[in-house]
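Architecture at a glance
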Amino acid sequence: DSSIGGGEGMIETLLLTTTGRKSGLGFTIPLIYGKTASGYCVIASKGGAPAHPAWYLNLDADPEVHIQVGAEKYDARARVALGDERAQLWQKMVGLYGPYDDYKVAAGERVIPVVVIEPA
């Protein structure tokens with residue numbers, strides 16, 4: 001229910017599992033997603049906090065992840081979108097969840113990563 005964070009109600013999420021950079025354990029989190037030509041994208045917003053979310057720090061240390069979208073489950077690789085790709089995906093994600101623009105302002109100098117997840 002995205003209304004908790006300022007959205008407009010129910011929105012689909014994927015489950016992203018990263019490997020803890022300190023613990024080595026799997027860490028699973030639901031994230032709002034958008035589709036890309038080759039996979040999915042998610043936003044590492046942490047509600048506009050000044051620091052990146054733990055799941056992002058985990059995939060930055062080890063980009064090999066596991067995702068589940070509906071009944072589909074598979075191993076994947078995450079990367080950060082840059083330049084025009086980032087700008088296009090950011091706008092796509094704001095279209096799905098408007099509060100991302102508010103989070104961008106709240107984050108101050110932190111550039112919120114746009115993460116692309118593609119099948120391994």
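Relevant structure appears above.
Residues numbered from 1 in each chain as written. Predicted model: local features only at pLDDT ≥ 70, side-chain atom pairs only at ≥ 80, totals over all residues. Heavy atoms only, no water.

1. A look at unusual backbone geometry
Its identity is not glycine, yet K46 carries a phi of approximately 50°, on the positive side. Examined against the element boundaries, K46 turns out to sit in the loop between β4 (40-43) and α1 (54-61). (Helix = DSSP H or I, 4+ residues; strand = E, 2+ residues; numbered from the N terminus.)

2. Quick word on the pairing of strand β5 (residues 64-69)
Judged by which residues are buried, β5 turns out to be one-sided: V65, I67 and V69 face inward and are buried, whereas E64, H66 and Q68, on the alternate face, are not. In the sheet, strand β1 (residues 13-19) pairs with β5 via three bridges, with the strands oriented antiparallel. The residue bridging L15 from the neighbouring strand is Q68, located in β5. By the bridge criterion, six bridges tie β5 to strand β6 (residues 72-80) in an arrangement that is antiparallel. Within β6, the residue paired with V65 across the bridge is A76. (Buried < 20%, exposed > 50% of the residue type's maximum accessible area, 1.4 Å probe, protein only. Pairing = 2+ DSSP bridges.)

3. A word on helix α3 (residues 99-106)
Among the residues making up α3, those that are buried are P99, Y100 and Y103. When α3 is viewed along its axis, its buried side chains cluster within an angular range of 105° and face the same direction. Exposed and oriented more than 90 degrees from the buried face of α3 are D102 and V105. Looking at the buried residues of α3, the elements they touch are β2 (26-32), β4 and α2 (83-96). (Arc of directions from axis to C-beta. Contact = heavy atoms within 4.5 Å.)

4. What about the packing of aromatic side chains?
Overall, the coordinates contain six aromatic pairs when judged by the stated rule. With 5.3 Å between their ring centres and 90° between their planes, Y33 and Y40 make a pair best called edge-to-face. The exposure class assigned to Y33 is buried, which follows from its relative accessible area of 11%. Judged by its relative accessible area of 10%, Y40 falls in the buried class. Aromatic side chains Y97 and Y103 sit 6.1 Å apart centroid to centroid with 55° between the ring planes, which places their arrangement in the tilted category. Y103 gets classed as buried once you look at its relative accessible area, which sits at 15%. Chaining the aromatic ring pairs together yields one cluster made of W90, Y97, Y100 and Y103. (Phe/Tyr/Trp six-rings, centres within 6.5 Å; stacked < 30°, edge-to-face > 60°.)

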